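Take a look at the letters that make up each chain.
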Amino acid sequence: MPVAAAAPLISSVQKLVLYETRARYFLVGSNPAETKYRVLKIDRTEPKDLVVIDDKHVYTQQEVRELLGRLDLGNRTKMGQKGSSGLSRAVSAFGIVGFVRFLEGYYIVLITKRRKMADIGGHAIYKIEDTNMIYIPNDSVRVSHPDEARYLRIFQNVDLSSNFYFSYSYDLSHSLQYNLTVLRMPLEILKTETTQTRQESFDIFEDEGLPTQGGSGVFGICSKPYKKYVWNAKLLEAVRSAVHRDWLLYIIHGFCGQSKLLIYGRPIYVTLIARRSSKFAGTRFLKRGANCEGDVANEVETEQILYDASVMSFSAGSYSSYVQVRGSVPLYWSQDISTMMPKPPITLDQADPYAHVAALHFDQMLQRFGSPIIILNLVKEREKRKHERILSEELVAAVTYLNQFLPPEHAIIYIPWDMAKYTKSKLCNVLDRLNVIAESVVKKTGFFVNRPDSYCSILRPDEKWNELGGCVVSTGRLQTGVLRTNCVDCLDRTNTAQFMVGKCALAYQLYSLGLIDKPNLQFDTDAVRLFEELYEDHGDTLSLQYGGSQLVHRVKTYRKIAPWTQHSKDIMQTLSRYYSNAFSDADRQDSINLFLGVFKPAEGKPHLWELPTDFYLHHKNTLSLQQTRQSYTYWWTTGVLKHLPLPFDEVTCAENRRKLTVKKFHKYEEEIDIHNEFFRPYELSSFDETFCLAMTNSTRDFMPKNVGIDPSPFTVRKPDETGKSVLGNKNNREETVLQRKTAASAPPPPSEEAVSSSSEDDSGTDKEDEGAVSQRSTPVKVTDTGDNTKITENVVQATKDVYGVNLSDIPSEDDLAIYARFVQLGQSQHKQDKGSQQFCSKRPLDKVINLIPISSFSQDNIYEVQPPRADRKSIEIFHAHIQAGRGNMQPLGRDDFLMYREYIRNRYM
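Brief notes about the overall build of the protein chain
If you tally the helices and strands in the protein chain, you get 28 helices and 28 strands. Considering the protein chain as a whole, with its 909 residues, one finds that 51% of them fall into the buried category. Within the protein chain, contacts between residues at least 6 apart in sequence are counted, and of these 74% link residues at least 24 apart. As presented, the protein chain carries roughly 44100 Å² of accessible surface, and 53% of it is formed by carbon and sulfur atoms.

Written out as structure tokens, the structure is:
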């Protein structure tokens, strides 16, 4: 069955401007090129209801300008009076977080600052840097309530500028394997879905689904997000059915970091994405175990993505990923913190002889990951006084009961290992034992890679590679099953265990892409040091979110090579964690409950701060009887077993197809053109702001400066032979950049800030001098720019130091002149109104560029390009550009003056 040409849908609403009148808010959204616009009308005359109108029409720039002009003219107090504007610009933004209401009217939450944190195949992932919360109803209709301000403060305690991420084109709530599997759906299925989409959601204003001439159409695919990892689902609930999908921006909470691994100049991007579950979310001692729906506390899905950045396309590039999960023990248990003890006693709250809650939890995992589900339990097995062992005994009983009814080949695998006991032993190496466990786990689950096995692996077969599990398909390999790691808190021990499993999987990923000759990586290599730093930042961030402090025990602690100063830092982190748990966790828990919509304020109900406990909010079975009860023996969802070991969510069936939105576009349309989205040819870019130069680089940051013989990142170095040692030279960075510890491992480029109409001339001012923070805006953490100044010091090294050879020192004058003209051309380029570019049958763009494969191997993506033919008028324009680059400007004619005058009138008057 042929596979269709498909691409992810790119949101056409990436820049927003909020205009206000006394009766309405008008939210104008546009694509980055500002050629397509959408308008959202929000009523301000309703005191408590939300009225949002989306006409779903796509406007051009001229049409939007005329529309705003008419609104401005129609809302002035006196006709023809220019001094008092009837339409004012309130704020600029990059996306809508959602709408929320407490006891008065609705608020709209807008993203006003963003920062690029990662790039996956050209799809940018942004971190929210700042937000603005705006009250919608007009002051004349506002009905005030005395408790409104307190709810507002509680809601804003969830710091949206700390570790919330979004993307306009990449689904962050799903794994890379899911996203690429959807793009490889058979052609017949996509044609059927396109027809159904047009019939079900017919829109008189637009027709994006028209097939194009010559069969050059590309299917744009957008899937529904996985609600478990979406944190603003409740905030968008009020407008989800009323607005176009481009307005809906789903955000995740957790961690995102990316580093560049240079292998003899070949860029390999290593990305770590952690998705924190929004179900049963909360702080350390206040959320333990599981709720009645099988959602566990501190559940985080960690995915490591590896891809060759020299080829960007999802269809032609090489991509690999591996997923693992952490989460609390899936039982009804808790710890009483009223005793003010460092380790409160563990209590089993409910008897669950038929493992009902564990069955619901593992059923979710079978649907999302397939089989086998492997549990790595790191809690203590031998204790003088039974404490952690209570959880182990109950978990073993639950797994034993559930495995009775599963087929033996799909049974849940349980691996108990007392990590604390092995750490205290002087005869045992903890990481060696973890490495053995990691090898067995990765061999059972396999990993995802989107290309077939290399020919060299057939010529030189490796024993470990031939024993690898997972599912082998024609397009590569699929990960089936997942490792679920837990200790009591799922913080320190869990992060080290996940690092060792990730390190083992990283070796297989590098081997599958043909970058190393054996699937094995050693400690103290540049590659592992880079990966270790990513995982430390990942662990610190998750630990701060759940436990209130950074990691206490790190990888180097278990390697027993930590410096003596690390012990004092561990004590301080322990005290910080204890203080946070004792004094601030209750307020943070209230904020999370309000933000996620677990608690909804209402007249006549007790207030959030009056509740003695939130147990009833998270356990719905305490408020109402369940209509249907799950079977004690057939505890899985219908249809899951039939497709195992493949995950049910990735199987092509009618239920999963209903989660997709499929439309057909011309292959040069902006909605699916990732080349245009990534390179932004209509914008003038600067090397200083380029993300790929600012991220952590194995050559610049880890490779020894005096090495000229072996620049390989897989060579074992001595601890003192490195550009930035992971062992102890991070004290300045750790102490001064706590915000960066919770952001990513790479020194980030400058954040993008939306400038409102009242401060359009302040773009060059220091962002720290903003005065008092508005009550409606989220607090901003200003990062120390000390690291950013150090980035440029050592960006470029001598070629002799890096590659062992000397290149030509000084280019010739002719080469410099050619380069200078090239720069002039780039600086004098203009924005193109792509709305006016029609794909007509006279000159189809399909014939402009002809790629002819010249390799004898079908897997190679090496092509010969035939240059397009240019007509006489185009050649004249090109020569004029060349002359302009040399400073020889042509005299301007009458038409040029008229065009410029019209531009000034439309732009500034």
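Topic: the sheet that holds strand β2 (residues 15-20)
What the five strands build is an open sheet, ordered β5-β4-β3-β2-β6; its pairing is antiparallel. Edge positions in the open sheet fall to β5 (52-54) and β6 (88-93), since each of these has one partner strand only. Adjacent strand axes in the sheet meet at a mean angle of 20° when their direction is disregarded. By the bridge criterion, seven bridges tie strand β3 (residues 24-30) to strand β4 (residues 37-43) in an arrangement that is antiparallel. Along β4, the bridge assignment pairs Y25 with I42.

Section: the pattern of salt bridges
Under the counting rule described, the total for this entry stands at 32 salt bridges. Across the pair E301 and R275 runs a salt bridge whose closest N-O atoms are separated by 2.7 Å. Of this pair, E301 sits in strand β14 (residues 300-308) while R275 sits in strand β13 (residues 266-276), and the two are 26 residues apart along the sequence. This pair shows no difference in class: E301 is buried, exactly as R275 is.

Quick notes on the nonpolar core
If you look at the biggest cluster of nonpolar residues, it comprises 55 residues, and the most contacted ones within it are L434, V442, F499 and L510. No other element matches helix α12 (residues 492-512), which puts 11 residues into this core. In this structure L434 touches W417, M419, T496, A497 and M500, once residues within four positions along its chain are discounted. Within the second largest apolar cluster, 33 residues are counted, among which are V109, V158, F164 and L596.

Details of the packing of aromatic side chains
Tallied over the full model, the rule gives 32 aromatic pairs. With 5.2 Å between their ring centres and 75° between their planes, Y401 and F405 make a pair best called edge-to-face. The class of F405 is partly exposed, set by a relative accessible area of 25%. Members of the aromatic cluster, connected to one another through ring pairs, are F102, Y107, Y135, Y151, F155, F164, W231, F595, F599 and W609. One cation-aromatic arrangement involves R44 over Y25; the distance from NZ or CZ to the ring centre is 4.3 Å. Sitting above the plane of the W609 ring, R150 keeps its charged end 4.1 Å from the centroid.

Some words on the packing of α12 against helix α13 (residues 526-546)
Interhelical geometry of α12 versus α13 gives an angle of 145° and a closest axis separation of 10 Å. Handedness of the α12/α13 crossing: right-handed. When α12 is examined against α13, the residues N495, Q498, F499, G502, K503 and L506 are found in contact with a partner set consisting of V528, F531, E532, Y535, H538 and G539. The residue makeup of the contact of α12 with α13, split by class, is five nonpolar, five polar and two charged.

Examining the pairing of strand β8 (residues 106-120)
Of all 15 residues in β8, 15 are buried; the element is thus mostly enclosed. Here strand β7 (residues 95-101) pairs with β8 via six bridges, running antiparallel. The residue of β8 that forms the bridge with R101 is Y106. As consecutive antiparallel partners, β7 and β8 are separated by four residues. Relative to strand β9 (residues 123-135), β8 is paired through 12 bridges, and the arrangement is antiparallel.

Brief notes about helix α6 (residues 356-369)
The end-to-end C-alpha separation of α6 is 20 Å, in line with the 20 Å expected for 14 residues at 1.5 Å each. Buried residues dominate α6, accounting for 13 of its 14 residues. Immediately downstream of α6, the backbone of G370 shows phi near 80°, a positive value.

Remarks on the side chain of S161
Along the chain, S161 turns up in the loop between α2 (148-156) and β10 (164-166). On the basis of relative accessibility, which here comes to 2%, the residue S161 falls in the buried class. Polar contacts involving the side chain of S161 include one to the side chain of D159, which spans 2.6 Å.

Looking at a nonpolar patch on the surface
On the surface, F687, L693, Y819 and F822 cluster together into a nonpolar patch covering about 490 Å² of accessible area. Turning to its location among the elements, F687 is positioned in the loop between α19 (674-679) and α20 (691-694). On the basis of relative accessible area, F687 is assigned to the exposed category, the value being 64%.

A closer look at α12
Its 21 residues give α12 an end-to-end C-alpha distance of 30 Å, which sits within 8% of 30 Å, the value for a rise of 1.5 Å per residue. Counting buried positions along α12 gives 21 out of 21 residues, so the element sits mostly inside the fold.

Some details on the side chain of E129
Within the secondary structure, E129 sits in strand β9. Separated by 3.4 Å, the side chains of E129 and R115 make a polar contact.

Side note on the sheet that holds strand β11 (residues 217-223)
Pairing is mixed in the open sheet, where three strands are placed in the order β1-β11-β24. Every other strand in the sheet has two partners, leaving β1 (6-8) and β24 (660-666) as the edge strands with one partner each. Sheet twist, expressed as the average angle between the axes of neighbouring strands with direction ignored, equals 35°. Two elements, β11 and β24, share seven bridges in a ladder whose sense is antiparallel. If you follow S223 over to β24, its bridge partner there is L660.

Things to note about unusual backbone geometry
With an omega of 5°, the peptide bond running from S371 to P372 counts as cis. Locating P372 in the fold gives a position in the loop between α6 and β18 (373-377). With an omega of 10°, the peptide bond between L644 and P645 qualifies as cis. Looking at where P645 falls in the secondary structure, it is placed in the loop between α17 (640-643) and α18 (654-657). Of note, the phi angle at Y264 is positive, near 55°, even though the residue is not glycine.

A short note on the pairing of β3
Counted residue by residue, β3 has six buried out of seven residues, so it is predominantly covered. Taken together, the six bridges between β2 and β3 define a ladder with antiparallel strand orientation. The residue bridging L18 from the neighbouring strand is L27, located in β3. The hairpin turn running from β2 into β3, its antiparallel successor, is three residues long.

Some words on the environment of Y19
Structurally, Y19 is set in strand β2. Each residue touching Y19, except ones within four places of it in the same chain, is listed here: R24, Y25, F26, V28, L68, L87, S88, R89 and A90.

Some points on the confidence of the model for the protein chain
Should the pLDDT be low somewhere, the predicted coordinates at that spot are not to be read in detail. Averaged over all residues, the pLDDT of the protein chain equals 80, while 77% of them reach at least 70. Taken as a whole, residues 725-750 scores under 50 in pLDDT and shows 75 contacts with residues more than four places along the chain or in a different chain.

As for the packing of helix α9 (residues 430-445) against α12
Closest axis-to-axis distance for the α9/α12 pair is 9 Å, and the angle between their directions is 55°. With respect to each other, α9 and α12 are oriented oblique. The hand of the α9/α12 crossing is right-handed. Between α9 and α12, the residues in contact are L431, L434, N435, A438, E439, V442 and K443 and T496, A497, M500, V501, K503, C504, A505 and Y508, respectively. Class assignment for the residues of the contact of α9 with α12 results in 10 nonpolar, two polar and three charged.

Calculation criteria
Residues numbered from 1 in each chain as written. Predicted model: local features only at pLDDT ≥ 70, side-chain atom pairs only at ≥ 80, totals over all residues. Heavy atoms only, no water. Helix = DSSP H or I, 4+ residues; strand = E, 2+ residues; numbered from the N terminus. Buried < 20%, exposed > 50% of the residue type's maximum accessible area, 1.4 Å probe, protein only. Contact = heavy atoms within 4.5 Å. Areas by Shrake-Rupley, 256 points an atom, 1.4 Å probe, with all protein chains shown as cover. Pairing = 2+ DSSP bridges. Axes fitted to C-alpha atoms, helices over the stretch in contact; angles between N-to-C directions. Salt bridge = Lys/Arg side-chain N within 4 Å of Asp/Glu carboxyl O. Core = buried A, V, L, I, M, F, W, Y, C linked by side-chain atoms within 4.5 Å. Phe/Tyr/Trp six-rings, centres within 6.5 Å; stacked < 30°, edge-to-face > 60°. Lys NZ or Arg CZ within 6 Å of the ring centre and 35° of its normal. Left-handed = near helix turned anticlockwise from the far one by under 90°. Nonpolar A, V, L, I, M, F, W, Y, C, P; charged D, E, K, R; others polar. Expected span 1.5 Å × (residues − 1). Polar contact = N/O pair within 3.5 Å; in protein donor to acceptor, adjacent residues only side chain to side chain. Patch = residues over 30% accessible without salt bridge, like charges linked within 9 Å, V, L, I, M, F, W, Y side chains within 5 Å. pLDDT = per-residue confidence, 0-100. Parallel < 35°, antiparallel > 145°, perpendicular 65-115°, else oblique.

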